[in-house]
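Spelled out from the first residue to the last, the chains are:
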Amino acid sequence: GTTFCFTSHRLAMSDDEDVPLAKRREPTPASYTAPAQEARKRLPKERRKNDKKAQSRVGVNPDDIWAAKERKRRPKNQLATLRAFYHKQIRPWLGLGTFVVLASIFLYLRVREEFYDHEKALAMMHDSDDPFKVLDVGRNASTDDIKKAYYKLSLKWHPDKNPNCVDCTTKFAQIGVAYKKLSDPEKRQSVLKGMQDRESHDAESPIPSETFSLTDANFDSETAKQDAWLIQVYTDWSTASWDAVSEWEKTSEDIGKYVPMGRINFAKEEELGRRFQIFDVPTFLSYVGGKHTVFKGRPNPQNFTNFMLNSLRDSVWRITDANARIFLNENEDKVRVLLFANKDLSKLRLVYRMLARTYKQHMVLGEVSQLDSPGLFKLYNATADKPSLLFVKEKGVKPLRYSGQMTNTKLRALFEEHKYQVVPRLTTANADDLCARADNVSCVVFFTDAVTDAAKRDTIMGAMRNASRAAADLAMSEEEPEPSPTFVWSDLAKQSQLGAALGVSVGGESVLVAMQKGAGLAMAYKGDPTNGTAILEWAASLRHHETNEFTPITANVAINYEAPPINLRQVWRTVSPYITAILVCVVIALLWFAGSTYYKDVRTQKANEAKIAKINRSKTASSVDVKADKWKKLEDANRRTEEQRQRQRAEQERIDRERAERARAEEEEAMRNARKAAATKPKSPALNAAASEFTPTQAAAAAAAAKKAEAAKAAKAAAAAAKKAAGPKLPADSEIKARIQQIVRESDLETTTRRQVRNKLSAAYAGIDLSSRHDWIGIQIDAACQA
């Protein structure tokens, strides 16, 4: 017998009035199972017991409690959720996704190269070269004619009106470029002048230039010699190419001595056009280390200089006070060069960066500016007004500083002279330069091994450095210096084949050997290896020795390749872009995971809200139906009560009218009898005299006044009778509702029943019949209970 709080009195059970108010709560429908209730079934018995205690509390929904607990536990499971998402969603597709990405990149590059149509690109350049032809107007066309033609062709070739047209976008862009050229009077005159200049030349005559011509046949060989180029792509019939001739030649005169400059005739070199994906002429680009960058801007010498500086920015280090120590310590196997100069010396910096490309096997170059490195400027006493070079070689050797004239020839001579350390390590890269010279100058090799004492090894190395510096100073002091010997060192453990060919073994006495690799001769040094002067004199005297005094090298002199030591910082700089790309991909994947998870949570939340809303709507609808039925029954009862009252009032009015009529008839009868008695009784002379004084009009007025007084008296008597029949007045609904709320508020809901509330209400309104408001009072009691 479950009953709702708003159950009508006529539908209630017989003992419904005696149920305590605290237990009159509307229960959850049996058909609804909250998500938290499903979770509670899987929880331990102790928690379910606590749930039942919470459910017994008035006004506490256990679903809200468990939902809050689930929210508190959710952050602890994020790692497990992420791991499960990786194993279910990402891991099965990781290999396939990587393969698809790499295959897509490969196919894109292949398709981009294969589908490049050289003839089509050439035809498009022909069409776009003549703006009058593009707009289909004559050279004498007015501005209005050009504007009309532009609007007409724009509407015709607009991409939005031709969604399936492939060439419409390119054609539309050509129309816009042609209109910009012809709408501006200055640009139009320049176009006309260029067309006239082109027509003055023979159609087959090439554009003259002093720069090198690059073709499909010689491009790879020329770029292998010099890996940094400034290239122009042109055609002989292009007006814009003719317009750029003067600026290109000025640039060639300005920086052509430092930077190799070449031209590619696009009409003839199809393979290079496909390689660089050229769609317009003239196109200027830089080609550095196998990568090309397209120039964007106005062609002039200064812009080309800045463009090449930017293209060569990765060839040198940007030295600051913070990374100077790293630069010097990381590249100990090469000569380190520092340029102290301001950034406005663009040509000097361009020559310097080109030299960095040329001597990258032997030197590492860095640029120092006073703005970024004031500490280095102060340390080496450099000034911003006068640029200077600093050559840093081995540890313990004083750096060489040059602050003289900075010309291209002088800089190349300095770099050629100091491209090796004072005593360089003999490697495959420098063996021919140092030990296989055409003048058969001896190369003194110092072999080190693990057996030789470290202090002795350092002493011998110091003597070798002294001999090398003395040879260099002697060569610079003489007007016609003789070729000086070179001094190198090698690790016998790594170059055992070379040591065996020269007769040197581990732990042997011969640690210094003079070698003429080209002649196949060698001679061991028998003197003091720690005396640099003696070593230099011995090495210089070898030019005057006879061939039979040397030992022939019978074995093959082969120098093994020695891998450079692993530089972790340099490796990090190399792989950091790839690691950054991987991290970006990981971040994108995590963001996608977070977004998808959030999207799923939102969808789940919305679904739960929709489900709860649906349940609430069904509950509300059923409650509304029950309330509507109750209100309908209450209105029927009120209507019947009102009809009964109206019948009672009508009956009372009828009775009052009958009483008034009987009273009036009795009064009239009494008046008639009085008249009769007065008529039979003899009158006094005074009364007869007074009666004789009334006129007929006055007599009628007196009769009407008497009749009105009688009617008022009868109405008053009828109202008194009706009030007596109606009984006490029923109080207003708001007053009864307030009294009910007060009674419920002052009562104990655990023991007070609805019947007791009704009794207290009847006692408050003693003498008033509240039976007609029975159902309405029950509803108000339940509402006060819920409140």
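Residues numbered from 1 in each chain as written. Predicted model: local features only at pLDDT ≥ 70, side-chain atom pairs only at ≥ 80, totals over all residues. Heavy atoms only, no water.

Q: For this particular structure, what's the right way to read the overall build of the protein chain?
A: Broken down by element type, the protein chain carries 28 helices and 15 strands. Taking all 787 residues of the protein chain together, the buried fraction comes to 36%. The contacts in the protein chain between residues at least 6 apart in sequence include a share of 73% that link residues at least 24 apart. On the protein chain, roughly 49,100 Å² of surface is accessible, and the fraction owed to carbon and sulfur atoms is 55%. (Helix = DSSP H or I, 4+ residues; strand = E, 2+ residues; numbered from the N terminus. Buried < 20%, exposed > 50% of the residue type's maximum accessible area, 1.4 Å probe, protein only. Contact = heavy atoms within 4.5 Å. Areas by Shrake-Rupley, 256 points an atom, 1.4 Å probe, with all protein chains shown as cover.)

Q: Is there a simple way to explain the environment of Thr283 in this structure?
A: Of note, Thr283 is situated in strand S4 (residues 283-288). Look at Thr283 and you get buried, because its relative accessible area is 12%. Thr283 sits 51 residues away from Gln232 along the chain, and the two C-alpha atoms are 5.8 Å apart. Apart from the residues within four sequence positions on either side, Thr283 is in contact with Ile231, Gln232, Val233, Ile278 and Val294.

Q: Would you take a moment to explain the nonpolar core for this structure?
A: What tends to happen in soluble globular proteins is that the nonpolar side chains get buried as a cluster. Counting residues in each nonpolar core, the largest one holds 38 residues, and the members touching the most others are Leu230, Val337, Leu389 and Phe415. Among the elements that line this core, the one with the most residues is helix H16 (residues 346-358), at seven residues. (Core = buried A, V, L, I, M, F, W, Y, C linked by side-chain atoms within 4.5 Å.)

Q: Looking at this model, I keep getting lost on the confidence of the model for the protein chain. Mind explaining?
A: Detailed reading of predicted coordinates is not advised where the pLDDT is low. On average, residues of the protein chain carry a pLDDT of 77, and 76% of them reach 70 or more. Here helix H1 (residues 35-41) stands out as the least confident element of the protein chain, with mean pLDDT 47; helix H14 (residues 301-311) is the most confident, with 93. The model gives residues 1-15 a pLDDT under 50, and that stretch makes 28 contacts with residues more than four places away or in other chains. Within the model, the stretch residues 27-43 combines pLDDT values under 50 with 23 contacts to residues more than four positions away or in other chains. (pLDDT = per-residue confidence, 0-100.)

Q: Could you clarify how one ought to interpret the sheet that holds strand S1 (residues 212-213) in this entry?
A: Strand pairing within a sheet occurs via backbone hydrogen bonds; the two strands may be parallel or antiparallel. Pairing is mixed in the open sheet, where five strands are placed in the order S1-S3-S2-S4-S5. In this open sheet, the two edge strands, each paired with only one partner strand, are S1 and strand S5 (291-294). Bridge count between S1 and strand S3 (residues 261-265): two bridges; the pairing is parallel. If you follow Phe212 over to S3, its bridge partner there is Gly262. In this fold helix H12 (residues 245-255) packs onto strand S2 (228-234), S3 and S4, with an angle of close to 150 degrees to the strand it touches most, S3. Against the sheet, H14 makes contact with S2, S4 and S5, and its axis sits at roughly 35 degrees relative to S4, the strand it touches most. (Pairing = 2+ DSSP bridges. Axes fitted to C-alpha atoms, helices over the stretch in contact; angles between N-to-C directions.)

Q: What should I look at first to understand the pattern of salt bridges in this one?
A: One pass over the full model with this rule turns up 18 salt bridges. The salt bridge partner of Lys633 is Asp629, with a shortest N-O separation of 3.4 Å. In this pair, Lys633 and Asp629 are both assigned in helix H23 (residues 568-680), four residues apart and thus about one turn of the helix distant. Residue classification places Lys633 among the partly exposed positions, given a relative accessible area of 25%. Under the relative-accessibility criterion, Asp629 is labelled partly exposed at 34%. With a closest N to O distance of 2.0 Å, Glu651 and Arg654 form a salt bridge. With Glu651 and Arg654 both in helix H23, this residue pair falls three residues apart, about one helical turn. Several salt bridges share partner residues, and in doing so they unite Asp227, Arg357 and Lys360 into one network. (Salt bridge = Lys/Arg side-chain N within 4 Å of Asp/Glu carboxyl O.)

Q: Got a minute to help me understand the sheet that holds strand S14 (residues 521-524) in this structure?
A: Taking strand neighbours across the sheet as the criterion, the five strands line up as S12-S11-S13-S14-S15 in an open arrangement whose pairing is mixed. Of all the strands in the sheet, just strand S12 (486-491) and strand S15 (551-552) have a single pairing partner and so form its edges. Relative to S12, strand S11 (residues 443-448) runs parallel, the two being bridged by six bridges. Each residue of the ladder has a partner; that of Cys443, found in S12, is Thr486.

Q: Any chance you could explain the packing of helix H26 (residues 733-745) against helix H27 (residues 754-764) here in plain terms?
A: If you want to describe how two helices pack, look at the angle between their axes and the distance between the axes. Look at H26 against H27: their axes get within 10 Å of each other, and the N-to-C directions meet at 130 degrees. As far as their axial angle goes, H27 and H26 are oblique. When you trace H26 past H27, the crossing you get is right-handed. Contacts between H26 and H27 involve Ile736, Arg739, Ile740, Ile743 and Val744 from the first element and Val757, Lys760, Leu761 and Ala764 from the second. For the contact of H26 with H27, the residue count by class is seven nonpolar, no polar and two charged. (Parallel < 35°, antiparallel > 145°, perpendicular 65-115°, else oblique. Left-handed = near helix turned anticlockwise from the far one by under 90°. Nonpolar A, V, L, I, M, F, W, Y, C, P; charged D, E, K, R; others polar.)

Q: When you look at H26 in this model, what are you seeing that I'm missing?
A: Count 3.6 residues to each turn of an α-helix, and residues three or four apart come out pointing the same way. Relative to the 18 Å expected for 13 residues at 1.5 Å per residue, H26 spans 18 Å between its end C-alpha atoms, a close match to the ideal helical length. Among the residues making up H26, those that are buried are Ile736, Ile740, Ile743 and Val744. For H26, the angular spread of the buried residues around the axis is 95 degrees, confining them to a single face. Within H26, the exposed residues directed more than 90 degrees away from the buried face are Ser734 and Arg745. Its buried side turned inward, H26 meets H27 and helix H28 (774-786). (Expected span 1.5 Å × (residues − 1). Arc of directions from axis to C-beta.)

Q: It is not clear to me how a nonpolar patch on the surface should be interpreted in this structure. Could you clarify?
A: A contiguous nonpolar patch, built from Trp93, Leu96, Phe99 and Val100 and spanning about 460 Å² of accessible area, is present on the exposed surface. Along the chain, Val100 turns up in helix H4 (residues 78-114). Look at Val100 and you get partly exposed, because its relative accessible area is 42%. (Patch = residues over 30% accessible without salt bridge, like charges linked within 9 Å, V, L, I, M, F, W, Y side chains within 5 Å.)

Q: It is not clear to me how the packing of helix H7 (residues 143-157) against helix H8 (residues 168-183) should be interpreted in this structure. Could you clarify?
A: Where H7 contacts H8, the axes come no closer than 10 Å and their chain directions differ by 165 degrees. For the element pair H7 / H8, the angle class is roughly antiparallel. Handedness of the H7/H8 crossing: left-handed. Packed against H7, whose contacting residues are Ile146, Lys147, Tyr150, Leu153, Ser154 and Trp157, the element H8 presents Cys168, Lys171, Phe172, Ile175, Gly176, Tyr179 and Leu182 at the interface. Of the residues contributing to the contact of H7 with H8, the split by class is nine nonpolar, two polar and two charged.

Q: Honestly, unusual backbone geometry in this entry has me stumped. Any pointers?
A: When glycine is set aside, most residues are seen to have a negative phi, and most peptide bonds are trans. Located in the positive-phi region is Asp136, a residue other than glycine, with phi close to 60 degrees. Looking at the secondary structure, you find Asp136 in the loop between helix H6 (131-135) and H7. Residue classification places Asp136 among the exposed residues on the basis of a relative accessible area of 66%. One non-glycine residue, Asn381, lies in positive phi territory at about 55 degrees. Here Asn381 lies in the loop between helix H17 (374-379) and strand S9 (388-392).

Q: So what exactly am I meant to see when it comes to the packing of aromatic side chains here?
A: The relation between two aromatic rings is expressed through the spacing of the ring centres and the mutual angle of the planes. Overall, the coordinates contain 19 aromatic pairs when judged by the stated rule. Their ring planes at 15 degrees and their centres at 4.1 Å tell us that Tyr150 and Tyr179 sit as a pair that is stacked. Taken together, the residues Tyr150 in helix H7 and Tyr179 in helix H8 connect sequence positions 29 residues apart. For the pair Tyr150 and Tyr179, one class covers both residues: buried. With a centroid separation of 5.2 Å and an interplanar angle of 70 degrees, the aromatic rings of Phe219 and Tyr287 are classed as edge-to-face. (Phe/Tyr/Trp six-rings, centres within 6.5 Å; stacked < 30°, edge-to-face > 60°.)

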